[in-house]
Amino acid sequence: MMRRLKNNGLSLFFGVIFLLALGGQSVVGRAAYNEEQRTQGRAEVTYTEYVTSSDFAVDVTENWQSEYLQFLLYILATVWLVQRGSPESKELDQAGMESDEHEKIAEYANADSPKLARVGGLRTTLYGWSLTILMGALFFASWGAQSIAGLARYNEQQLAQQQDPVRWAEYVVAPDFWSRTLQNWQSEFLAVGSMVVFSIYLRQRGSPESKPVGAPHSSTGVTD
Amino acid sequence: MTPLRVSLLALTITLAASCAGRTEERSRAETAAVAFYEAVAQQDGIAACALLAPETQHEVETSAKQPCDEAITDEDLPDELGRVTETTVFGNEARVMADGDTVFVSDFDGFWRVVAAGCTTRGDVPYDCELKGG
């Protein structure tokens, strides 16, 4: 039991802090929402009403979509783009899709390679893109959910101010939708870009996200 | 039953329940607007004021400097709501459009109340409403 916990510590840790943060967001989000309701002379909502509301849904999904976009772009950009000196980058001469031999697929697969890497053909090609496909699907699903929840939230505010609601096609080109979207995108792009550059010169002893402390600044793609 | 089928079934039930809930909310929002106009038409100030949102009730009393149930029947509202043509609900807010007026209502703990009535559209800016809270 303890061994299983230890072997899965990273995913368990992030799973737990995700749930704690989401729970915290729901509690303080409801408090902020009810404060706004009181200001507008409207009724306060219960916890259950808040966590099933468009206000909570749009706040959650606008962050989810940007996180999945961040990883989607990172996974794809690091295939073709390199950064000299960064452990986040491949070696400078390895940019591109790499050979079947390097990727250990089809006839180059090992005995312990996943079955989908060994079979070859379309299934292996799709498996070779499976991480990007999943991240892309999660990004578009979250972004789509943000547009629907955002529309409901925006229209609730419109009606509260005696204004006409808008249609989905109008909302997805409206400033509210793009403000929510871009404020999240810029922070994700800044964080990833900072990580790529900072990791050239700075170190964290023991972390696979860092080069070894004694590795030269010029070494690229070296994490151990 | 496979996990995929269970998920699809759960999604279908959730969507069906959500649609049913929306229909019910629309009906209750519409009922509030209709009942408010009926009370005003019958000069029943007490019933009409009971259907107003607290802020709107306060505004009626403040501007008329008399109790809501006496002031509400003097408000310059259309003679009748008329046939309801469209009711739109988002969250706790709704707009009831009818041949005679456009009324905005809000959900107060499961009880829909009139926030604004006697409203005329002005395009992209808020409706111009004869009766309005806040």
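Residues numbered from 1 in each chain as written. Chains lettered and ligands numbered in written order. Predicted model: local features only at pLDDT ≥ 70, side-chain atom pairs only at ≥ 80, totals over all residues. Heavy atoms only, no water.

Student: Go over the packing of helix α4 (residues 54-80) of chain A against helix α8 (residues 130-160) of chain A, please, and point to the residues and values.
Tutor: Residues and elements named next belong to chain A. Where α4 meets α8, the closest approach of the two axes is 7 Å, and the angle between their N-to-C directions is 155°. Of the possible angle classes, the one that applies to α4 and α8 is roughly antiparallel. Crossing angle aside, the handedness with which α4 passes α8 is left-handed. When the residues that make up the contact of α4 with α8 are grouped by side-chain class, the tally is 17 nonpolar, eight polar and four charged. (Axes fitted to C-alpha atoms, helices over the stretch in contact; angles between N-to-C directions. Helix = DSSP H or I, 4+ residues; strand = E, 2+ residues; numbered from the N terminus. Parallel < 35°, antiparallel > 145°, perpendicular 65-115°, else oblique. Left-handed = near helix turned anticlockwise from the far one by under 90°. Nonpolar A, V, L, I, M, F, W, Y, C, P; charged D, E, K, R; others polar.)

Student: Describe the nonpolar core, naming the residues involved and giving the relevant values.
Tutor: Counting residues in each nonpolar core, the largest one holds 27 residues, and the members touching the most others are F36(B), L52(B), I72(B), V103(B), V105(B) and L131(B). For this core, the secondary structure elements donating two or more residues are α1 (3-41), α2 (45-50), α4 (68-71), β2 (93-98), β3 (102-108) and β4 (111-122) of chain B. Excluding its chain neighbours within four sequence positions, the residues that come into contact with L131(B) are F36(B), L52(B), T56(B), V60(B), I72(B), E75(B), L77(B), V115(B), A116(B) and A117(B). Counting residues in each nonpolar core, the second largest holds 11 residues, with L72(A), F139(A), Y171(A) and F177(A) among its members. (Core = buried A, V, L, I, M, F, W, Y, C linked by side-chain atoms within 4.5 Å. Buried < 20%, exposed > 50% of the residue type's maximum accessible area, 1.4 Å probe, protein only. Contact = heavy atoms within 4.5 Å.)

Student: For the interface of chain A and chain B, give the residues involved together with the corresponding values.
Tutor: Contact residues are listed per partner, giving 17 residues for chain A and 23 residues for chain B. The contact between chain A and chain B buries some 1600 Å² in all, and 58% of this surface belongs to carbon and sulfur atoms. Of all residues in chain A, L159(A), Q162(A) and D164(A) give up the largest surface area on contact with chain B, accounting jointly for 40% of the area buried on that side. Our count for the contact surface shared by chain A and chain B stands at two salt bridges. R95(B) is paired through a salt bridge with D164(A); the nearest N and O atoms lie 2.5 Å apart. (Buried area = accessible area lost by both parts, 1.4 Å probe. Salt bridge = Lys/Arg side-chain N within 4 Å of Asp/Glu carboxyl O.)

Student: Now, about the packing of helix α2 (residues 9-39) of chain A against α4(A): what can you tell me, with residues and values included?
Tutor: Residues and elements named next belong to chain A. Where α2 meets α4, the closest approach of the two axes is 10 Å, and the angle between their N-to-C directions is 140°. It follows from the interaxial angle that α2 and α4 lie oblique. Of the two possible hands of crossing, α2 and α4 adopt the one that is right-handed. Counting all contacts with α2, which are made through F18, L22, Q25, S26 and Y33, the residues of α4 involved are D55, F56, D59, V60 and W64. Each residue belonging to the contact of α2 with α4 can be placed in one class, and the counts come to six nonpolar, two polar and two charged.

Student: Give me empty space enclosed by the protein: which residues, what numbers.
Tutor: What the rule picks out here adds up to two cavities of 30 Å³ or more. If you add up the space inside the largest cavity, you get close to 50 Å³. Lining the largest cavity are E36(A), Q37(A), Q40(A), R42(A), R153(A), E156(A), Q157(A), A160(A) and E93(B). Of all the secondary structure elements, the ones that give two or more residues to the lining of the largest cavity are α2 and α8 of chain A. Element by element, the count of residues in the lining of the largest cavity is highest for α8(A), at four residues. Among the residues making up the lining of the largest cavity, the classes are represented as one nonpolar, three polar and five charged. If you add up the space inside the second largest cavity, you get close to 40 Å³. Every residue along the wall of the second largest cavity is listed here: A43(A), E44(A), V45(A), E49(A), N92(B), D107(B), D109(B) and G110(B). For the lining of the second largest cavity, the class distribution of residues is two nonpolar, two polar and four charged. (1 Å grid on protein atoms, 1.4 Å probe; cavity = no way out; pocket = protein on both sides within 12 Å on 5 of 7 lines; lining within 4 Å. Points joined across faces, edges and corners; volume = space filled by probe spheres on them.)

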